[in-house]
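In case you want the letters, here they are:
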Amino acid sequence: MATSRELNDKIIDAGQLADGSDYHVRCMEMSDVPEALEVWKEVGLYEGLHTIESFLQVDPEGFFVAVRNNDGLVIGTLSGVFVDPRTAFIGLYAVRPKFQGHGIGMRLWQKMLNHVGDRNAGLHAVPKLQKTYQEKAGFKLLDERKIFEYKSMSLRTDDLVHKIDNIAVVPMDENMIDSAIAYDERILFYNRGKLLRAIFGEKDALALAAIDQDNGKIVGYGCIKKNNIDTAMSGPVYAENDAVAELIVFNLITKFNLAQEKGLNMMVPDCNPGAIRIAQKLGMIKHEELPRLFTKNIPDADFDKIYCITVANFSPF
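Everything numeric in this text was worked out from a predicted model, so none of it was measured.

Here we look at the packing of helix H8 (residues 242-255) against helix H10 (residues 273-281)
At a minimum axis distance of 10 Å, the contact between H8 and H10 shows a crossing angle of 40°. For H8 against H10, the interelement crossing comes out right-handed. Residues Asp242, Ala245, Glu246 and Val249 of H8 lie in contact with H10, whose contacting residues are Gly274, Arg277, Ile278 and Lys281. Class assignment for the residues of the contact of H8 with H10 results in 3 nonpolar, 1 polar and 4 charged.

Here it is in structure tokens:
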């Protein structure tokens with residue numbers, strides 16, 4: 001257990017709750033992740049069981065928690081994460097319902113802004129808050145592309161591509177990771193090596209690579225994982241074309257039992273017709289359309305090869 005001095009060294013802000021008890025704001029630690037996922041679940045949202053841990057390894061100073069002093073309960077969360085060193089991505093913004101309306105979110109927001117500084121920042125906006133982010137928080141640039149959130153408790157895989165003669169879909173292993181990182185960089189125009197190594201090694205998850213057997217090159221990869229509401233969520237799924245993407249998704253679903261038993265959540269860019277077609281073939285229902293907002297510039301990527309983004313909370317792609 002941390003001493004009072006060690007705790008004071010970590011505190012970056014402090015406040016008082018409605019009942020007169022105190023709370024403080026500090027950077028998130030790995031041990032906070034289970035409670036952070038509880039906060040997220042309490043507000044009706046989902047995240048991968050180990051996704052926060054993966055992104056924490058990349059930018060540990062980009063995650064913040066509000067903590068009640070008397071018992072150490074995490075009552076609020078927020079992140080502003082630099083995977084691309086040029087653009088922070090903001091997410092995981094939540095306060096337990098019992099503690100909302102007392103300025104906790106604003107304290108977290110200010111500390112996150114201090115971390116972002118004058119660099120570019122982006123987020124996937126809850127539609128009802130889009131105007132607030134644009135007019136009051138400085139996220140004035142609206143990307144013409146949106147993210148469609150699809151959900152289904154029952155999946156149909158019969159219409160997906162099941163086989164391509166020269167393509168093998170295999171578990172991601174250590175010998176493939178460097179090639180997968182290079183493939184990812186060609187799509188996003190920056191290197192996510194540290195993050196991808198963490199994602200590929202997550203527990204309660206599956207990472208697959210599509211290999212062209214004629215030349216041994218990676219032509220796509222995909223990940224699926226368990227989330228905090230006990231369903232499956234996919235992401236990222238990147239591929240050279242629609243057929244390879246369908247083959248990857250087919251293998252992710254059929255080799256990850258939770259998706260078939262409890263359902264799947266996936267986030268797809270609206271500018272990729274093939275991605276939308278996969279969701280429709282699976283019998284998924286579009287739940288929400290998420291606007292993409294930025295402060296200084298809208299980063300680009302090869303969206304033709306992005307069939308499911310990595311995660312809505314921490315990544316534009």
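Once you've had a look at it, read on.
Topic: the pattern of salt bridges
Taken as a whole, this structure holds 23 salt bridges when the rule is applied. In this structure, the salt-bridge partner of lysine 226 is aspartate 230, at a minimum N-O distance of 3.8 Å. For aspartate 230, a relative accessible area of 35% puts it in the partly exposed group. A cluster of three or more residues bridged by salt bridges with shared partners is formed by Glu35, Glu38, Glu42 and Arg96.

Remarks on empty space enclosed by the protein
The final tally for this structure, using the stated rule, is 2 cavities of 30 Å³ or more. In this model, the largest cavity occupies a volume close to 60 Å³. What lines the largest cavity is simply Val81, Val83, Asp84, Thr87, Phe89, Tyr190, Phe314, Ser315 and Pro316. Top contributing element to the lining of the largest cavity by residue count: strand S4 (residues 74-84), with 3 residues.

Looking at the packing of aromatic side chains
All chains considered together, the criterion is met by 11 aromatic pairs. Chaining the aromatic ring pairs together yields one cluster made of Tyr93, Trp109, Tyr133 and Phe139. For the cation-ring pair, lysine 286 lies above phenylalanine 148, with the distance from its terminal atom to the ring centre recorded as 4.0 Å.

Focus: the side chain of serine 54
Structurally, serine 54 can be placed in helix H3 (residues 51-58). Sequence-distant contacts of serine 54, defined by excluding residues within four places in its chain, comprise Leu195, Ala198, Ile199 and Glu202.

Some remarks on the environment of arginine 119
Residue position: arginine 119 is located in the loop between helix H4 (104-116) and strand S6 (120-124). Given the relative accessible area of 36%, arginine 119 is considered partly exposed. Spatially, the C-alpha atom of arginine 119 lies 18 Å from that of asparagine 313, the residues being 194 residues apart in sequence. Contacts of arginine 119, omitting those with residues within four sequence positions, involve Phe82, Pro85, Arg86, Thr295 and Lys296.

A closer look at the pairing of strand S11 (residues 232-239)
The element S11 is extensively covered by neighbouring structure, given that 8 of its 8 residues are classed as buried. In the sheet, strand S10 (residues 217-226) pairs with S11 via 6 bridges, with the strands oriented antiparallel. The partner of glycine 222 across the bridge, within S11, is valine 237. Two successive antiparallel strands, S10 and S11, enclose a turn made up of 5 residues, where aspartate 230 displays a positive phi of approximately 65°. Across 2 bridges, the pairing between S11 and strand S12 (residues 264-269) is parallel. Across the sheet, methionine 233 pairs through a bridge with asparagine 265, a residue of S12. For S11 and strand S14 (residues 306-308), the ladder comprises 2 bridges, and the chain directions are antiparallel. Residue pairing for S14: valine 237 is matched across the bridge by cysteine 308.

The rules behind the values
Once a new chain begins, its residue numbering starts again from 1 and follows that chain's sequence as written. Only residues with pLDDT of at least 70 get local features here, since the model is predicted, and only at 80 or more are side-chain atom pairs given and counted; chain-wide, interface and lining totals rely on the full set of residues. Only hydrogens and water are removed before side-chain values are computed, so all heavy atoms of the structure are retained for them. In this description, a line fitted to the C-alpha atoms serves as the axis of each element, helices being fitted only across the stretch in contact, and the angle between N-to-C directions of two axes falls anywhere from 0 to 180 degrees. Comment: elements are numbered from the N terminus, with helices defined as DSSP H or I runs of at least four residues and strands as E runs of at least two. Here is the rule for handedness: rotate from the far helix to the near one, and if that takes an anticlockwise turn smaller than a right angle the crossing is left-handed, while a clockwise turn gives right-handed. Only heavy atoms enter the contact rule, under which two residues are in contact if any of them lie within 4.5 Å. Residues are sorted three ways: Asp, Glu, Lys and Arg are charged, Ala, Val, Leu, Ile, Met, Phe, Trp, Tyr, Cys and Pro are nonpolar, and all the rest, Gly among them, are polar. Salt-bridge detection follows one rule: a side-chain nitrogen of Lys or Arg within 4 Å of a carboxyl oxygen of Asp or Glu. The classification of residues rests on relative accessible area computed with a 1.4 Å probe and restricted to protein chains. Under 20% of the type maximum is buried, over 50% is exposed, and intermediate values are partly exposed. Buriedness for pockets is judged along seven lines, at least five of which must meet protein on both sides within 12 Å for an open set on the 1 Å grid over protein atoms alone, while cavities are sets there where a 1.4 Å probe fits but cannot get out, and lining residues have an atom within 4 Å of a point. Grid points are joined across faces, edges and corners, and a volume is the space filled by probe spheres set on the points. Here is the rule: rings of Phe, Tyr and Trp (six-membered ring for Trp) pair when centre to centre is within 6.5 Å. Planes less than 30 degrees apart are stacked, more than 60 are edge-to-face, and the remainder are tilted. Placement of a positive charge over a ring is assigned whenever Lys NZ or Arg CZ falls within 6 Å of the ring centre and within 35 degrees of the normal to the ring plane. What makes two strands pair is DSSP finding at least two bridges between them.

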